[in-house]
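Observations on the three-dimensional arrangement
Given next are the chains, with one letter for each unit.
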Amino acid sequence: LLGIANQPIPAGRAASALDDARPLQLQQDLHQKALGDAVSPGELSGLDGLGLILAERQIERALRWNPTSVDVLLSDALWLRKNGEAEAALARCQQLVEAWPDDPRGYLERSHVLQQIGRPSEAIADWKTLAALNEQRPFMSEEQIWNGMAYARAIANEDLAAGLED
């Protein structure tokens, strides 16, 4: 990019030069993301089409550079789930929970994956873990946790009254 930036732009080519530089800037931005935290979970939720393809590449690079990062593992799990690869997402969540047992994000994502693949009873266990972690270091409202647990109990056809008492 520095070589391009130091070259004079001929008259009438400014707009075209900017168009030429955009792919290079995107490539540099993607490389910087790969060195950092890949695509953040928040960014991932709004992507589709080409954005998901680019996110996949970012995540793959980030996994090569920083394979134990919580953010990278979580982004990969979210990407896998969003693309219908639930079993692979579950494996990534398991890796995340084993590497970072005190980080609630792994349990939260795993609970979503477990519910998606029809294993709500296991998701309930993750919601209980989330409740315990939340008592130690609050990260989400108790209402969100209890709603998540109640939803998992409902799709598991378990006793909701007992679930709300837990």
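Every value quoted in this text rests on a predicted model; they were computed, and no experiment measured them.

What counts and what doesn't
- Residues numbered from 1 in each chain as written.
- Predicted model: local features only at pLDDT ≥ 70, side-chain atom pairs only at ≥ 80, totals over all residues.
- Heavy atoms only, no water.
- Helix = DSSP H or I, 4+ residues; strand = E, 2+ residues; numbered from the N terminus.
- Contact = heavy atoms within 4.5 Å.
- Areas by Shrake-Rupley, 256 points an atom, 1.4 Å probe, with all protein chains shown as cover.
- Expected span 1.5 Å × (residues − 1).
- Buried < 20%, exposed > 50% of the residue type's maximum accessible area, 1.4 Å probe, protein only.
- pLDDT = per-residue confidence, 0-100.
- Axes fitted to C-alpha atoms, helices over the stretch in contact; angles between N-to-C directions.
- Parallel < 35°, antiparallel > 145°, perpendicular 65-115°, else oblique.
- Left-handed = near helix turned anticlockwise from the far one by under 90°.
- Nonpolar A, V, L, I, M, F, W, Y, C, P; charged D, E, K, R; others polar.

Along its length, the protein chain carries ten helices and zero strands. Traced from its N-terminal end to its C-terminal end, the protein chain shows the element sequence α-α-α-α-α-α-α-α-α-α. Sequence-distant contacts, at least 24 apart, represent 49% of the contacts inside the protein chain between residues at least 6 apart. For the protein chain, the computed accessible surface area is about 9,700 Å², with 54% contributed by carbon and sulfur atoms.

When the terminal C-alpha atoms of helix α8 (residues 120-136) are compared, their 25 Å separation across 17 residues agrees well with the 24 Å that a helix rising 1.5 Å per residue should span. Those residues of α8 not exposed but buried are P120, A123, I124, D126, W127, L130, A131, L133 and N134. Those residues of α8 hidden inside the fold are in contact with α7 (104-116) and α9 (142-156).

Our next topic: the confidence of the model for the protein chain. With 54% of its residues at a pLDDT of 70 or more, the protein chain has an overall mean of 74. Across residues 1-7 the pLDDT falls below 50, and counting only partners more than four positions away or on other chains, this stretch makes four contacts in the model. This stretch, residues 30-37, has a pLDDT under 50; its non-local contacts, to residues over four places away or in other chains, come to 17 contacts.

Attention shifts here to the packing of α7 against α8. Viewed as axis vectors pointing N to C, α7 and α8 meet at an angle of 160°, and their least axial separation amounts to 8 Å. Taken together, the axes of α7 and α8 are roughly antiparallel relative to one another. Of the two possible hands of crossing, α7 and α8 adopt the one that is left-handed. On α8, the residues touching P104, Y107, L108, R110, S111, H112, L114 and Q115 of α7 are P120, E122, A123, D126, W127, T129, L130 and L133. Tallied by class, residues from the contact of α7 with α8 come to nine nonpolar, four polar and three charged.

What follows concerns α7. Across its 13 residues, α7 extends 19 Å between first and last C-alpha, which sits within 8% of the 18 Å expected from 1.5 Å per residue. A positive phi of about 80° marks G118, the residue just after α7.

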